[in-house]
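Residue strings, one per chain:
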Amino acid sequence: MGSIPTPDTKTMNIDEIKKSFSDDLEKAKDQKAVEDIRIKYLGRQKGKLTEILRSLKDLSVEKRRETGPLANALRKEIEESLTRKTEQLQTTNYKLQTNFDITRPGLKLKTGRLHLLTKVDREIRQIFSSMNFSVVEGPEVEDEFHNFDALNIPKDHPARDSWNTFWLKNSKLLLRTHTSPVQIRYMEKNQPPFQIIVPGKVFRYEATDSSHETNFYQVEGLMVGENISLANFKFVIEEFFKKFFQGQKIEFRFRPSYFPFVEPGVEVDIKLKGKWLEVMGAGMVHPNVFEAVGYNHYELTGFAFGMGLERLAMIKYGVPDIRLFHSGDLRFIKQF
Amino acid sequence: MKFSYTLLKKLVPGLKNKQQVIDALNMHAFEAADLGKDTIDVSIYPNRFSDAASHFGLAQELSAILNLELKLPKTKLQKSVKNSKKFSVTIRDKNLCPRYIGQYFENVKVGQSPKWMQDILKNCGLRPINNIVDITNYVMLEIGEPMHAFDYDKLTSGSIIIRRAEKGEKIITLDNEAYKLDSDVLVIADSKNPLAIAGIKGGKKAEITKDTKRIILEAANFDGVNIYKTHKAIGLVTDAAVRFSHNISSVLPVLAINRGRELLEEIADAKPGEMIDVLAKSIAKKVIRFDVEKFNKLIGVKSDATKIIDILKRLGFNIVLNSRTKLPDSFLVEVPPVRTDVEIFEDLAEEVARIIGYNNLRALPPYVHLSPSGFEDEIVLKDKIRNILMGLGLDEVYNYSFSSQKNGVELLNPIAEDKKYLRPSLISLLAQNITDNFRFLNEVKIFEIGKVFTGNKNAVKETLYLGLAVGHKNKKVQETFSELKGMIEELFKRIGLVDFTFGEGKDRVEIYSNNETIGWAEHEKNANIAEMNLEKILEFVEEEFEYEPLSKFPAATRDISVLVKSSARIGDIMQEIESVDPILINDIDLIDEYEGEHFEENKKSLTFRIVFQHKDRTLTDKEVDEKMARIHSVLSDKFNAQIR
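Brief notes about the overall build of chain A
- Looking only at helices and strands, one finds 11 helices and nine strands in chain A.
- Compactness check: chain A gives a C-alpha radius of gyration of 38 Å against a globular reference of 20 Å for 336 residues, more than 25% above the reference.
- Considering only C-alpha atoms, chain A reaches an extent of 115 × 45 × 35 Å along its principal axes.
- Residue burial in chain A is summarised as follows: out of 336 residues, 40% are buried.
- Long-range pairs, those at least 24 residues apart, make up 63% of the contacts in chain A between residues at least 6 apart in sequence.

Digging into the sheet that holds strand S24 (residues 509-513) of chain B
Residue and element names in this part refer to chain B.
- With respect to topology, seven strands assemble into an open sheet ordered S18-S21-S22-S26-S25-S24-S23, the strand pairing being mixed. If you trace the sheet from one side to the other, it starts and ends with strand S18 (395-396) and strand S23 (501-504), each paired once.
- Pairing analysis gives five bridges linking S24 to strand S25 (residues 516-523), with the strands arranged antiparallel. Residue pairing across strands places Glu510 opposite Trp520, the latter belonging to S25.
- Helix-sheet contacts for helix H13 (residues 377-391) involve S18, strand S21 (443-455) and strand S22 (460-472), and the interaxial angle to S21 is about 160°.

Re helix H18 (residues 621-639) of chain B
Residue and element names in this part refer to chain B.
- With 19 residues, H18 should cover 27 Å at 1.5 Å per step; its first-to-last C-alpha distance of 26 Å lies within 8% of that length.
- Those residues of H18 that fall on the buried side of the exposure criterion are Lys627, Ile631 and Leu635. Viewed end-on, H18 has its buried residues packed into an arc of 75°, placing them on one side of the element. More than 90 degrees from the buried face of H18, the exposed residues found are Lys622, Asp625, Glu626, Ala629 and Asp637.
- Contact partners of the buried residues in H18: strand S27 (556-565), helix H17 (570-580) and strand S29 (603-612).
- Asn640 sits one or two positions beyond H18 and adopts a positive phi of about 55°.

Quick notes on the pairing of strand S10 (residues 186-189) of chain B
Residues and elements named next belong to chain B.
- The side-chain alternation of S10 yields two buried faces, one formed by Leu186 and Ile188 and the other by Val187 and Ala189.
- Inspection of the sheet shows strand S7 (residues 159-164) paired to S10 by four bridges, in the antiparallel sense. Its bridge partner lying in S10, Ile162 is registered against Ile188.
- In this structure, S10 lies alongside strand S11 (residues 194-197), joined through three bridges in antiparallel fashion. Residue pairing across strands places Ile188 opposite Ala196, the latter belonging to S11.
- Linkage of S10 to S11, two consecutive antiparallel strands, is achieved through a turn of four residues.

What about the pairing of strand S5 (residues 99-106) of chain B?
Residues and elements named next belong to chain B.
- Counting buried residues along S5, seven of its eight residues qualify, which places the element largely inside the surrounding structure.
- Strand direction decides the pairing type here: S5 and strand S13 (residues 215-221), joined by seven bridges, are antiparallel. Along S13, the bridge assignment pairs Gly102 with Glu218.
- Alignment of S5 against strand S14 (residues 271-279), held across seven bridges, turns out to be antiparallel. Note on S14: the bridge partner recorded for Arg99 is Leu279.

What about the interface of chain A and chain B?
- Tallying the contact residues gives 66 residues for chain A and 74 residues for chain B.
- Secondary-structure elements contributing two or more residues to the side of chain A that touches chain B are helix H5 (116-130), strand S1 (134-135), strand S4 (194-203), strand S5 (215-225), helix H8 (230-244), strand S6 (251-257), strand S7 (262-272) and helix H11 (330-333) of chain A.
- Taken together, the residues that form the side of chain A that touches chain B break down as 30 nonpolar, 21 polar and 15 charged.

Considering the packing of helix H5 (residues 115-123) of chain B against helix H6 (residues 131-143) of chain B
All names here are of chain B.
- One way to put it is that H5 packs onto H6 with a least axis distance of 10 Å and a crossing angle of 60°. Accordingly, the angle class assigned to the pair H5 and H6 is oblique. Of the two possible hands of crossing, H5 and H6 adopt the one that is left-handed. Contacts between H5 and H6 involve Met117, Gln118, Ile120 and Leu121 from the first element and Asp134, Asn137, Tyr138 and Leu141 from the second.
- Its residues assigned to classes, the contact of H5 with H6 comprises five nonpolar, two polar and one charged.

Things to note about the environment of Gly102(B)
Residue and element names in this part refer to chain B.
- Checked against the element boundaries, Gly102 lands in strand S5.
- By the C-beta count within 10 Å, which is 27 here, Gly102 ends up buried.
- Apart from the residues within four sequence positions on either side, Gly102 is in contact with Phe87, Val89, Ile160, Ile216, Leu217, Glu218 and Ile276.

Definitions and cut-offs
Chains are numbered independently. Their residues run from 1 in the order of the written sequence. All chains are assigned letters beginning at A, and all ligands numbers beginning at 1, according to the order in which they are written. It should be noted that, the model being predicted, local features are given only for residues of pLDDT at least 70 and side-chain atom pairs only at 80 or more, the latter also being counted only at that level, while totals for whole chains, interfaces and linings use all residues. By definition, any uninterrupted DSSP run of H or I lasting at least four residues is a helix, any uninterrupted run of E lasting at least two residues is a strand, and each is numbered from the N terminus. Radius of gyration here uses only the C-alpha atoms, and the compact-globule reference equals 2.2 Å multiplied by the residue count raised to the power 0.38. With C-beta atoms placed from the backbone, a residue is labelled by how many other C-beta atoms lie within 10 Å of its own: buried for 20 or more, exposed for 12 or fewer, partly exposed between the two. Here, residues touch in the contact sense if the C-beta positions derived from the backbone fall within 7 Å of one another. For two strands to pair, DSSP has to find at least two bridges joining them. Where helices are involved, their axes are fitted lines through C-alpha atoms of the stretch in contact, as for all axes, and angles between N-to-C directions lie from 0 to 180°. Expected helix span is taken as 1.5 Å per residue step, with the number of steps being one fewer than the number of residues. Each direction from the helix axis to a C-beta atom contributes to the arc, which is the arc of those directions. The residue classification treats Ala, Val, Leu, Ile, Met, Phe, Trp, Tyr, Cys and Pro as nonpolar and Asp, Glu, Lys and Arg as charged. All others, Gly included, are polar. Put simply, angles under 35 degrees are roughly parallel, angles over 145 are roughly antiparallel, angles from 65 to 115 are roughly perpendicular, and the rest are oblique. Crossing handedness follows the turn of the near helix against the far one: under a right angle anticlockwise gives a left-handed crossing, and clockwise gives a right-handed one.

Shown next as structure tokens:
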């Protein structure tokens, strides 16, 4: 390797040397070749450029002035090029260590994966924690009072039909149809001001399909104080969704809705990738709810909201079927 | 609920097109969607059936939202009489029937209704029958009040009695179905038989036919709860039943009977007779104070009284103003009786805010009292366990809370045969997960954190459990058990549960802590599965991690291989080794185990690695050798072990 062609003529001019040098350097594959090139052009005895430099003193003043600077500049250039090439070769040489193959596959390390619902729950909690919300939980088996009555959902009224309920046999107990009863349980024991979120499993007596499940998860939120307004709700929720869908362009739409435990009631839609999606039911806590827990509803206001964890996960991660979440299928779980 | 755009446009002539209606409703009132042609589907909230489940009501909404003129038909109100020679009305149960209006008509010409009416009925999902029935349905679409018509000549002695059914009383409804009634059911009867299941369905006896000449037109109000319970109990869902279930207003019958009369005259050539109106329960007048400042605080806006009053008026509210003040801080609002949903200030606030549009409100950061936010201890523990188990290579699963295990709490209305109970344990669900995943994987290591349920009808106890499962298609149960046990030990160590032991229960491995069983493990063909009570664990966790000085002196490691009976227990052997010098012996580990052809039958070879260390000095070989000799003799004594 690295055989360097030697031109016949002993005397090359500066331009020729320059051209010849760069051709040679281009071909150099290892340090030895680089060294040979250095000797060929800058060698003390017979270096091409050395010869020219040496011959300067024999030239006329005029010629010397013309050639001198050019020759010196070229010497500098050649020295620099050689150093650069040497550095380059040192780096690329890494590849040439034959017993070190970076293309060999990485070892498959076995760590577990948390369920996507856990992951999304954590994302949500983190955002609300950063806004000073605490996280609380509550029972999955509930009584009618906490699941319905205290939430101002009238008994024997079609309004209650919106929550298809699993009942326990021979008992007045039920499986909570939403996380809202935890609002009641929390307010029974705590005094405002406060802001909480309540993640948890809920149950609906429904036929299952790709967007309906009998077991699913919700996150409930509640903020109560003396001056909490609907405009505050908008702020908190917009902040939440902007963070949750960070990096995506997002628009909001707040529409009227009806939930007996809030007044006014609001539905939140977000627009992602050009599509409007319903993501949250919410509103200002109904005075009857405050009354049910013994709060002074003349002095307090608050907002409450609820959203489906699976739904958010499906939107954010493109999961097409809600039934995957409870399938126990590790091919699904290991993806996240 | 289906609405006709044509009819809405008639009532609010300023409407531009169907899309305008849909958008206005969506952003300011109800969810609405285009069902094609003339039909708009609107989801009327359960609390708005009284005023908005009708074209008049929706027209009022649209006129308020879009600020367009409302043109309702101007119907003349006929005066009612107390008694009539033609018929009588008697309400026996005033709670179940707050109002009943009946009107007598003669010279009725039964035939087809006009095309325009048929079109609107069809576009709203109703089937035209004859002009009389169609008029009652059309008025229901306009006003929201279900009506009924009886053939007068089929009534026994011209009497209309609203009473509870007698137990066992029977009625055949218009669709020829027979119903056996009881005293919870309200009926409209003549002096002999029930004529209709009140508010739900008409009966065959006084059906309108082509020969009908004289009729009694009914517009009444029934108790919502009773209608709701009755229609659920007898399993009969009708338009009327659904509407009455929602507790609609007692003023609707007045509007309906007069509008009905007008249309009967116009379309069926009918000659109206006397009208009897029995108002059993008076309609309370509702007046609510509207405080502008309170509104601005609740919604987070700066609206003035002028704007608010304008909106409320457009929605049909009457404002009582003290004439002296120009821009009042507060004022009284008279609620139209049809607005049964408006009861408190917040209801009015919602009316104003939604017409302004929630989308048009500002987003304002709240001023809050700052106190540290936190997580409940149980939540912290769950998080920690999840992270540790993930690190140990386990995947997390979520299973249904339902199971087929009979010892669980039973559901009244299970969704499926194999989901009849609440899960009393996580084990069988995890076992199923392993089986399912074996179709694709040889090795499955999973965990679940979730509630399990125990108890009976009087008290149900739900407890937070952690389930762990290790399954391998080609590994022996002993191997996967060791893996599972190792995970549990590591988990406990990491969460700070110091005191725990494994013991042999009747048909499972018990896990004890603080003299209580906190969990157990069972094995199946290819898997070992454990579950433990996280609430107990939370109670027992000590989490006292404290710095221990690092030893400056090197440890000495020795291996020892012994041949013992297969039945010898490894734990016992390790305990004996340790007892030789619990202070110097720092750690003992089983590093190899072999049972097979090289040895006598019923023997196994075990190799232990023993680590000796002294905290104050370097151990000499001699010392360690002495300890090893001692271990040899102990093991040969106690286990008849051959040292190899």
